[in-house]
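Observations on the three-dimensional arrangement
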Amino acid sequence: MGSLPPLTRRALGFALPFGLAVAAGVLVVLFVFGRGGSHTWSGTTFPDPQPAAGLDGLLLDDGTPADLAAFEGKVVVVYFGYANCPDVCPLTLSRTADAVEGLGDRGDDVQVAMVSVDPARDTLDLLGEYVRFFDERFVGVGGSEADLLEVAGQYGVFFQALPADDDGFYEVDHTATLLGIDRDGNLRVVWSPDIGADPLRDDLAELLS
C-alpha cells in the first residue's frame, strides 16, 4: 500500500441514519451491548434493525447497477467519500482495509462499497482504481448528483462541494460514518470514521457470526 496524505484538516461530524442526528463536528463512539450476547459494540447499534436503503440509480465501478441484494449473504460496509479527499477518506478506508484483512478468510464475506459524493470528478474507472488501492475486494459506487442525493438522504448522509481554490481544486464536506449492514440486508451499526481497525474488525466478526 502506498503512502497516505497526512491528516491536515478537521474530522467531519456525522449524521446517523433514519432520523438520528448529532451535531456536526462531534465524533462519538457509543458502546452498546449486543442483544442476547456479550459482544460490546464499538459503534451505534439499532435496537430494531430495518432493511438498509437501496442504491437505486447508482452504478458499480464496472458499470453494472448497484444493488445491495447482489451482496446478500455478505456483511456490507457502505462509506460515502470521494477520490480527491485529502485526509478523512483515505485514513478511514485504510483502517477499514486493515480490519477486513484482520478477519483472515472471513474477510471475503465482507463487501466494502464507497459511494462517491463527488460526481463531477469521480468517474467509475477512477473510483474502481481508488478503492482497490486499499483492498482488491472493495468496490466503488457512482452516479448522477440527483441519484446520489436521493440515496445519501436515505442514509442520513450530507455532502456539499466547497468553493474551488485558484487552481480549480475543491473539497467536499460530507458525513464520514461507516454503515454496517448484516447478512440479511438490515442496517445494524454505524461507526465513527475514526474507529480503530481492531474494534472495527471485532464488530465485523460479530456481524459475520
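Presented here is an overview of the structure given in this document. Just so we're clear, the structure is a prediction, and the values are computed from it rather than from any experiment. (Residues numbered from 1 in each chain as written. Predicted model: local features only at pLDDT ≥ 70, side-chain atom pairs only at ≥ 80, totals over all residues. Heavy atoms only, no water.)

**Quick word on helix 1 (residues 88–101)**
When the terminal C-alpha atoms of helix 1 are compared, their 20 Å separation across 14 residues agrees well with the 20 Å that a helix rising 1.5 Å per residue should span. Counting buried residues along helix 1, 10 of its 14 residues qualify, which places the element largely inside the surrounding structure. Within the sequence span of helix 1, burial applies to Val88, Cys89, Pro90, Thr92, Leu93, Ser94, Thr96, Ala97, Ala99 and Val100. (Helix = DSSP H or I, 4+ residues; strand = E, 2+ residues; numbered from the N terminus. Expected span 1.5 Å × (residues − 1). Buried < 20%, exposed > 50% of the residue type's maximum accessible area, 1.4 Å probe, protein only.)

**What to know about the packing of aromatic side chains**
Enumeration over the complete set of coordinates arrives at three aromatic pairs. Judged by centre distance (6.0 Å) and plane angle (55°), the ring pair of Phe80 and Tyr155 falls under tilted. In this pair, Phe80 sits in strand 3 (residues 75–81) while Tyr155 sits in the loop between helix 3 (145–154) and strand 6 (159–161), placing the two residues 75 residues apart along the sequence. Take Phe80 and Tyr155: they sit in the same class, and that class is buried. Considering the side-chain rings of Tyr130 and Phe134, the 5.3 Å spacing of their centres and the 80° angle between planes classify their relative orientation as edge-to-face. Separated by four residues within a single helix, Tyr130 and Phe134 lie in helix 2 (residues 124–134), roughly one turn from each other. For the pair Tyr130 and Phe134, a shared accessibility class is recorded, and that class is buried. (Phe/Tyr/Trp six-rings, centres within 6.5 Å; stacked < 30°, edge-to-face > 60°.)

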